[in-house]
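# Structural overview for review
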Amino acid sequence: MITVNPDGKIMVRRCLVTLRPFRLFVLGIGFFSLCFLMTSLGSQFSARRPGDSPFTIRTEVLGGPESRGVLRKMSDLLELMVKRMDTLARLENGSELHRAAGDGHFAVDRFPPGAGLMERIQAIAQNVSDIAVKVDQILRHSLLLHSKGGARGTPLPPGVSEGRRDQCEAPSDPKFPDCSGKVEWMRARWTSDPCYAFFGVDGTECSFLTYLSEVEWFCPPLPWRNQTAAQMAPKPLPKVQAVFRSNLSHLLELMGSGKESLIFMKKRTKRLTAQWALAAQRLARKLGSVWRDQKQILVHIGFLTEESGDVFSPRVLKGGPLGEMVQWADILATLYVLGHGLRITVSLKELQSNLGVPPGRGNCPLAMPLPFDLIYTDYHGLQQMKQHMGLSFKQYRCRIRVIDTFGTEPAYNHEEYATLHGYRTNWGYWNLHPRQFMTMFPHTPDNSFMGFVSEELNETEKQLIKGGKASNMAVVYGKEASIWKLQGKEKFLGILNKYMEIHGTVYYESQRPPEVPAFVKNHGLLPQPEFQQLLRKAKLFIGFGFPYEGPAPLEAIANGCVFLQSRFSPPHSSLNHEFFRGKPTSREVFSQHPYAENFIGKPHVWTVDYNNSEEFEAAIKAIMRTQVDPYLPYEYTCEGMLERIHAYIQHQDFCAAPGPAPLGARAPPSPFVLAPNATHLEWAQNASLAPGAWPPAHSLRAWLATAGRACTDACLDHGLICEPSFFPFLNSQDAFQNPAASASCRRSRCCSAARAPAPSTTDCAPAGTSARARWPCAGTVCEAGPRRSSLPQEKAPADSQLQRPARPSTPPLELPSLAGKCTEQTGARDWGGPLIHGRVPTAPPPRPRARGSVVAKQLWGW
């Protein structure tokens, strides 16, 4: 029998415990790193010329990108090693503590050796890291001395000769005041982003100046550089005419797949293919032989990227909001049908690839000129582009169009103004032109009205719907159970249940949602075609006050339903409602769907106080007695959206800056004349038409508003739209030197409506003040023709009070006929013009209501 000394057992056990496999692995990495570092440095010292000092470092080797790359890799390796050691140490200590609970006498033996070893390994790693940092500092200092002294062998960027090294100093040029400061910044931070090395920066003064003069523009061009090569810009591609497309199969391929949101968008586009094709034929006939430039367009849907969270895709099949995806699907279809080149991205990696973002952290400009004429994105995409485009974002932001559901007011858009006056939010202060924000509904002419489309019925389908309507069937607007948590809903739903059978389309998985009352027939979440069929049978589509301004009410009205919604008192806004808090707008919402209330109105839209049981019940009875036809405003048809977006693409140019006025030039005479009825100013027939202006200047009408009346309301009172691009024409003394204006000015203060630091902050005579302002309104630009209304004229709502002023010497102000002639010489048919920033009065006067066919076609058409 063999006996073993107990002391030997303990010694072997302690060795095995101390030298665990992971510790051996870590020691091996540390030893390898030390050897690698010494080998690299030894090779640098050994590669010296005859006659050099043994301690002379060859800067052309050490200063090169390869050597510095080695140092960076070693530093990263050491950092990773320390992190892994800490993690493994925590795991080991945790396991040892667990085992020590059952075997206490081993705990004392195990912890000191392990803890001491970890400390020693970390100390070695720290020493190696310190050596790498010191070596890097020595190399930078040596390179700096050699570049200034012209030492032999100093590496310089291409194009530098031996006699030009002394010119690599920051020049003191008053035209480039930031040059020296940028050079100092580059000396200290050029390794902070790999993109600088991508552009050839290697730590030398010459590389700094070359980068700052040729890639960025903070320093003057170096005189010894090849300026021809540096300033060569790619030749612009020849202009190509855009041709309408009717086959959308390639668009479906461009949209991609893999996300439920994309699948929903593709199904919608495929379902509307026939209507898009028919609309393209109609618009092609209207435009005739007008040349349309084909634009290269990038569409980046930022809210669908994984980096932004993509909260929409998982909720598509669970009753989540679909309004944004409806609009994006229609935007893609519109751009493609109009014949433009299209790129679609839904990931940050795709965005960087298409923009030409250099590798790094986004501090450098793009590696190539932007290959796109226009970029359509959202606020998420806007933020992503700003983070990765560097200085190129400021250069190219005029090409961006931001799809913004609820709009952005100028006070929130202008960074300086927003900061000084408390308008800063997470979504504002971008300093874009207000028209670059494109909304779902025409909330305000401040922004451009993008819109979406609803399915348009033919005459046969309309007759079938009229014959198949159930007079006592109501459908509730709300697919998520949370919408049904509205307090007090039992009261008005109980009243509705006395007269109608109530249907719901609330999503559920296994059990009926408890928020839905038992008397409601819930169909669950329906596919879009089945939901359309349900609307075609129903008499009423009722909203609970949320969601705001969605596409569903327009779809219901287009299918012959009456939309019933709640009136908000007080109106909802960012001041009193959580949903609007943080959004870049102070707009007050008086109902769930203001567009439907103000521009469609009765008999299709009823807005009542749900807290008033008598008013609510009276509305239900009146709706049951009212017969309505399916109705869809033209601006929400495929043809209307094609026409509108075509006008934006052809006429909106936010990159062209107006040239300065010549010194000593006299202001031109006022182009205005008093209208024959002495009510407003018009553009004189013999005045210059300001070529290139859009909308055309001859459509300007200047009206004097009553005290406290904002431009939006004042123009709408006359069936017109406030047009801020006309403010420069009114911002002169001559514009007020006429009998009507003089009389008004004597009674109260007149305001120069365009006196603002920037177009994004135009704000004058805010509502609630005593000032009276002459506001620029935009009239019809097409040749007047017989009006074609989607509704019989005798069905116009009684509360529509819009009056059109008569002008004896000119044709009466009528709506632009859809069949009327509109040529490029007279401008676009109409426009989605912006509105100056105004504030809603505390107690607004009764707002005029008008049908979409009466106002919206004129104001937000083409």
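Read on for an overview of the structure. All values reported here derive from a predicted model rather than from experimental measurement.

## Considering the pattern of salt bridges
- A complete count under the given rule lists 20 salt bridges for this structure.
- Two residues, Lys286 and Glu639, come together in a salt bridge whose shortest N-O distance is 2.5 Å. Taken as a pair, Lys286 in helix H12 (residues 273-287) and Glu639 in helix H25 (residues 638-651) lie far apart in primary sequence, 353 residues in all.
- Beyond isolated ion pairs, a larger network of salt bridges with shared partners links Arg282, Lys286, Glu639 and Glu643.

## Topic: the nonpolar core
- Membership of the largest hydrophobic core comes to 77 residues, with the highest contact counts inside it found for Met265, Trp276, Tyr376 and Phe541.
- Top element by residues in this core is helix H13 (residues 323-337). It accounts for ten residues.
- Apart from residues lying up to four places away in sequence, Phe541 is in contact with Val475, Val476, Tyr477, Phe531, Leu535, Ala552, Pro553, Ala556, Cys561, Val562, Phe563 and Leu564.
- Listed in part, the 27 residues of the second largest apolar core include Leu496, Phe544, Val608 and Ile623.

## So, the packing of aromatic side chains
- Considering all chains together, one arrives at 34 aromatic pairs under this definition.
- Measuring from ring centre to ring centre gives 5.3 Å for Tyr595 and Tyr636, while their planes differ by 70 degrees; the resulting arrangement is edge-to-face. With Tyr595 in helix H23 (residues 594-599) and Tyr636 in the loop between helix H24 (613-625) and H25, the pair connects residues that are 41 residues apart, well separated along the chain.
- Judged by its relative accessible area of 3%, Tyr595 falls in the buried class.
- Owing to a relative accessible area of 0%, Tyr636 belongs among the buried residues under this scheme.
- One aromatic cluster is present, built from ring pairs that chain together Phe406, Phe546, Tyr548, Phe568, Phe579 and Phe580.
- Seen from the ring of Phe244, Arg292 lies directly overhead, with NZ or CZ sitting 4.1 Å from the centre.

## Regarding the packing of helix H14 (residues 348-355) against helix H15 (residues 379-389)
- Between H14 and H15, the shortest axis-to-axis distance is 11 Å and the interhelical angle comes to 55 degrees. With respect to H15, the axis of H14 lies oblique. Taken as a pair, H14 and H15 cross one another with a handedness that is right-handed. In this structure, H14 uses Leu348, Leu351, Gln352 and Leu355 to contact H15, whose residues at the interface are Gln384, Met385, His388 and Met389.

The rules behind the values
- Residues numbered from 1 in each chain as written.
- Predicted model: local features only at pLDDT ≥ 70, side-chain atom pairs only at ≥ 80, totals over all residues.
- Heavy atoms only, no water.
- Salt bridge = Lys/Arg side-chain N within 4 Å of Asp/Glu carboxyl O.
- Helix = DSSP H or I, 4+ residues; strand = E, 2+ residues; numbered from the N terminus.
- Core = buried A, V, L, I, M, F, W, Y, C linked by side-chain atoms within 4.5 Å.
- Buried < 20%, exposed > 50% of the residue type's maximum accessible area, 1.4 Å probe, protein only.
- Contact = heavy atoms within 4.5 Å.
- Phe/Tyr/Trp six-rings, centres within 6.5 Å; stacked < 30°, edge-to-face > 60°.
- Lys NZ or Arg CZ within 6 Å of the ring centre and 35° of its normal.
- Axes fitted to C-alpha atoms, helices over the stretch in contact; angles between N-to-C directions.
- Parallel < 35°, antiparallel > 145°, perpendicular 65-115°, else oblique.
- Left-handed = near helix turned anticlockwise from the far one by under 90°.

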